[in-house]
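# What the coordinates show
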Amino acid sequence: MTAAALPRVSAIVLAWKSEPWLRRCVHALLTSEKVDVDVVLVDNGCTDDDVRFLGELDGVTVVSPGRNLGYSGGNNAGAEVATGEYLALINGDAVVEPGTVARLVEELTTRPEVGIACAAVRLAETPELLNSSGNMIHVLGISWVGGLGEPETRTAPTEVAGAMGAGLVLRKEHWDRLGGFFDSYFAYHEDADLSIRTWRLGLKVVNVPDAVVLHRYEFSRNTNKFYLVERNRLIFVSTLWSTRALLLLAPALLGLELAMVALAIKEGWVRDKVRGWQWLWAHRADLRARRKLVRGEQSVSDRQWMRVLTHQLNTPLIQVPPVVLRPLNAVMGLYWRVVRALV
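All chains use their own residue numbering, which begins from 1 and follows the written sequence. Reporting of local features is limited, given that this is a predicted model, to residues whose pLDDT is at least 70; pairs of side-chain atoms are given and counted only at 80 or more, and all residues count toward the totals for whole chains, interfaces and linings. Values reported for side chains reflect all heavy atoms of the structure, with hydrogen atoms and water molecules removed beforehand.

### Let's talk about the packing of aromatic side chains
Only Phe, Tyr and Trp rings are paired, with Trp represented by its six-membered ring, and only when their centres lie within 6.5 Å; those with planes under 30 degrees apart are stacked, over 60 edge-to-face, the remainder tilted. One pass over the full model with this rule turns up six aromatic pairs. Plain terms: the ring middles of F182 and Y185 are 5.8 Å apart, the flat faces sit at 90° to each other, and that makes the pair edge-to-face. An aromatic cluster is present here, built from Y71, W175 and F181 joined pairwise through their rings. Here, a charge over a ring means that NZ of Lys or CZ of Arg falls within 6 Å of the ring centre while also lying within 35 degrees of the ring normal. Sitting over the ring of F53, R23 keeps its end group 3.9 Å from the ring centre. The ring of W279 is capped by R231, whose NZ or CZ atom sits 4.3 Å from the centre of that ring.

### Considering the packing of helix α8 (residues 243-267) against helix α9 (residues 270-282)
Packing of α8 against α9 brings their axes to within 7 Å, and their N-to-C directions diverge by 140°. In this view, α8 runs oblique relative to α9, as classed from their interaxial angle. The segment α8 lies against α9, with E257, M260, V261, A264 and I265 engaging V270, K273 and W277. Asp, Glu, Lys and Arg are counted as charged, while Ala, Val, Leu, Ile, Met, Phe, Trp, Tyr, Cys and Pro are counted as nonpolar; the rest, among them Gly, fall into the polar class. The residue makeup of the contact of α8 with α9, split by class, is six nonpolar, no polar and two charged. Fitting a line to C-alpha atoms yields each axis, with helices limited to the stretch in contact; the angle taken between N-to-C directions then spans 0 to 180 degrees. Working definition: helices are DSSP H or I runs of at least four residues, strands are E runs of at least two. Numbering for both runs from the N terminus. Here the angle decides the label: under 35 degrees means roughly parallel, over 145 means roughly antiparallel, 65 to 115 means roughly perpendicular, and every other value means oblique. When checking whether two residues touch, look at their non-hydrogen atoms; a contact exists if any pair is within 4.5 Å.

### A word on the side chain of H215
The topology assignment puts H215 in strand β12 (residues 204-215). A distance of 2.7 Å separates polar atoms of two side chains, one belonging to H215 and the other to N131. The contacts of H215, once residues within four sequence positions are left out, are N91, D93, A94, V121, R122, L123, A124, N131, M164 and A166. Under the rule applied, a polar contact is a pair of N or O atoms within 3.5 Å (in protein, one hydrogen donor and one hydrogen acceptor; residues adjacent in sequence only if both atoms are side-chain atoms).

### Section: the pattern of salt bridges
We count a salt bridge whenever a side-chain nitrogen from Lys or Arg sits within 4 Å of a carboxyl oxygen from Asp or Glu. One pass over the full model with this rule turns up 23 salt bridges. As a salt-bridge pair, R197 and D193 come within 3.6 Å of each other at their nearest N and O atoms. With R197 and D193 both in helix α6 (residues 190-199) and four residues apart, this pair spans about one turn of that helix. Classification of D193 by relative accessible area gives buried; the value is 2%. Between E257 and R233 there is a salt bridge whose closest N-O contact spans 2.8 Å. In this pair, E257 is assigned in helix α8 and R233 in helix α7 (residues 223-240), connecting sequence segments 24 residues apart. Here's how the labels work: a residue is buried when its accessible area is under 20% of the maximum for its type, exposed when over 50%, partly exposed in between, all with a 1.4 Å probe on protein chains only. Judged by relative accessible area, which is 13%, E257 ranks as buried. Relative accessible area serves as the criterion here: at 2%, R233 is assigned to the buried category. One continuous salt-bridge network, built from bridges that share partners, spans R103, E106, E107, R111, E113 and D210.

### Regarding the nonpolar core
Residues belong to one nonpolar core when they are buried, are Ala, Val, Leu, Ile, Met, Phe, Trp, Tyr or Cys, and are joined through side-chain atoms within 4.5 Å. Grouped together as the largest cluster of nonpolar side chains are 68 residues, with contacts concentrated most on I196, F236, W241 and L309. By residue number, the principal contributor to this core is α8, which donates eight residues. Contacts of W241, omitting those with residues within four sequence positions, involve H138, V139, G141, F236, L246, L249, R291, R295, W305, M306 and L309. Counting 37 residues, the second largest nonpolar core, distinct from the first, contains A11, L41, A102 and V105.

### A few points about the packing of α8 against helix α12 (residues 322-342)
Between α8 and α12, the least distance of the axes is 10 Å, while the angle of their chain directions is 165°. Between α8 and α12, the angle falls in the class roughly antiparallel. You can see that α8 and α12 cross each other, and the crossing is right-handed. Residues R244, L248, L249, A250, P251 and A252 of α8 lie in contact with α12, whose contacting residues are M332, Y335, W336, V339 and L342. Its residues assigned to classes, the contact of α8 with α12 shows ten nonpolar, no polar and one charged. By definition, any crossing whose near helix is turned counterclockwise from its far helix by less than a right angle is left-handed, and any crossing with a clockwise turn is right-handed.

### Concerning the side chain of E297
Looking at where E297 falls in the secondary structure, it is placed in helix α10 (residues 284-297). For E297, the side chain forms a polar contact with the side chain of R197, separated by 2.6 Å. Excluding its chain neighbours within four sequence positions, the residues that come into contact with E297 are L178, R197 and L201.

### Some points on helix α4 (residues 100-110)
Burial analysis of α4 places eight of its eleven residues in the buried class, which makes it a mostly covered element. By the burial criterion, the buried members of α4 are T100, V101, A102, R103, L104, V105, E107 and L108.

Written out as structure tokens, the structure is:
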């Protein structure tokens, strides 16, 4: 196949602060096999000379917004100048294997029912173990990486609720149809939002075990992360869940909110939790508009798309003793079975 006939992929990579793997990330993308890859490098506040160096390479376009747009805004800015038929979103601290991008494109081209194909993200320090086999999304809006620390045992693509933003490919047409990410997320939950909106259009999100990305994963528990994760969970649920689903889940949502307040008090980030509520109130008009937009695009029933959600709470964000977690998950399972029959 000639270069002109290869699938054209624009890979968006964000450069933020100093990232020791950024050059490896970009070089790996540019040398991908069986696809014609160009890289859109978004300078979200790089603090070394990597952007200048990489910007001189053939196939690299630099976007310099002049400020940190976050993961959401940074990818949106990159997508605006992308020219490929496909978009790849790859973290600056992740390295694709030579055939990874082509394998994800193949999944999209051979299976028209697939809207997002995401890589099996492996832990860089222990590449035999998974960082993510796809993200879990709870019925109450919490999202976390699935399969963390587990060996890869799959031999075929699996349907997943959410794609991990560290390594995914989708058609540029699909991205444009969804309008990209919601800028207000800034960071966290935007990949869950994109994934659920894909499911709500009747398309699938799949994780491909033989499309491997190595990720220099670091789990952060800083208070600003909890501010964004908690605020964004409420954005996510309040804009994508139907009114009926929100009413049916109201007792559980209230219980989770009280539990998160207790956790915030215990761990010392209650001010960040309150700051999240303040942001939601100040931007309530924007959220109403967002809800109207995303609810209007849905083409399948809530009962159909909500089947991808889980009632099991096993996220590293919330440490729950097993003696409490087991009965909690059992009760939530019964509750969710009733709710799913009624949505």
